Amino acid sequence: MKILKSAIVAFSLALTLGSFSTSAVACEDGRTCYTPEQAIDMVLQNIKSAMDAIDSGSEGEVVAALIKSASDASKEINANDVVDRNRQRANGILKKARKEAKKEQLQVAEEHLKQAKKKFEALKGML
C-alpha cells in the first residue's frame, strides 16, 4: 500500500509539472512580449530620447527618468547567457549615466549614454 501511495503521488506530480509550461504562459495575461531585437531597439530609442533631452537643456531629474526607462526596457532583452552578461555591463553604464544626471553633470551623463548606446548596438551582433 505504501508503494502504491508513493507511485500515485509521483505520477500526479509529474502530470501537473508536465501540463504547465512557464515559457508558454509567459506572454499571457495581457503582458506584451518582445523579441530581443525589438527590446534592444526600445532601449536605443530611450537612450536617444535621453540624449535629445540633454541637448535641449532639460533638467537632470528629467534626464534621469528617461535613463531609468531605458534601464527598465533593457530587462526585456532575453536571448542567451552571453547577451545577458553584456546587457548587464551596458546596464551598468546606464546606471552611471543616471547617477551623473541626478547630480546635474549632464555632459558626463551624455558620455556614458554614448558608451551605453555602443554597447547595446553591439548586442544585436551577438544574437
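Residues numbered from 1 in each chain as written. Predicted model: local features only at pLDDT ≥ 70, side-chain atom pairs only at ≥ 80, totals over all residues. Heavy atoms only, no water.

A. Highlighting the overall build of the protein. What the protein contains, in helices and strands, is six helices and zero strands. In the protein, which comprises 127 residues, the proportion classed as buried is 29%. Excluding contacts between residues fewer than 6 apart, the proportion of contacts in the protein whose partners are at least 24 apart in sequence is 71%. Of the roughly 8,400 Å² of accessible surface on the protein, 55% is carried by carbon and sulfur atoms. (Helix = DSSP H or I, 4+ residues; strand = E, 2+ residues; numbered from the N terminus. Buried < 20%, exposed > 50% of the residue type's maximum accessible area, 1.4 Å probe, protein only. Contact = heavy atoms within 4.5 Å. Areas by Shrake-Rupley, 256 points an atom, 1.4 Å probe, with all protein chains shown as cover.)

B. View of a nonpolar patch on the surface. Together, Met1, Leu4 and Ile8 give the surface a local cluster of nonpolar side chains, amounting to about 390 Å² of exposed area. Inspection of the secondary structure puts leucine 4 in helix α1 (residues 2-19). (Patch = residues over 30% accessible without salt bridge, like charges linked within 9 Å, V, L, I, M, F, W, Y side chains within 5 Å. Salt bridge = Lys/Arg side-chain N within 4 Å of Asp/Glu carboxyl O.)

C. Geometry of helix α4 (residues 60-74). In this model, α4 (15 residues) spans 21 Å end to end at C-alpha, consistent with the 21 Å of a helix rising 1.5 Å per residue. Buried residues of α4: Gly60, Val63, Ala64, Ile67, Ala70, Ser71, Ala73 and Ser74, and no others. At its buried positions, α4 is contacted by α3 (36-55), α5 (81-102) and α6 (106-125). (Expected span 1.5 Å × (residues − 1).)

D. Inspection of the environment of methionine 42 at higher detail. By secondary structure assignment, the location of methionine 42 is in helix α3. In this structure, the C-alpha to C-alpha distance between methionine 42 and alanine 73, residues 31 residues apart in sequence, is 6.6 Å. Those residues in contact with methionine 42 that sit more than four places away from it in its chain are Tyr34, Ala73 and Glu76.

E. Main features of the pattern of salt bridges. Evaluation of the coordinates by the stated rule reveals seven salt bridges. Here aspartate 72 and lysine 75 are joined by a salt bridge, their closest N and O atoms 3.9 Å apart. Looking at lysine 75, the relative accessible area reads 52%, which means it is exposed. Here aspartate 84 ties to arginine 87 by a salt bridge, and the two come within 3.1 Å at their closest N and O atoms. Linking aspartate 84 with arginine 87, this pair stays in helix α5, spanning three residues, or about one helical turn. Residue class for aspartate 84 comes out partly exposed when judged on its relative accessible area of 29%. Overlapping salt bridges bring together Lys68, Asp72 and Lys75 as one network.

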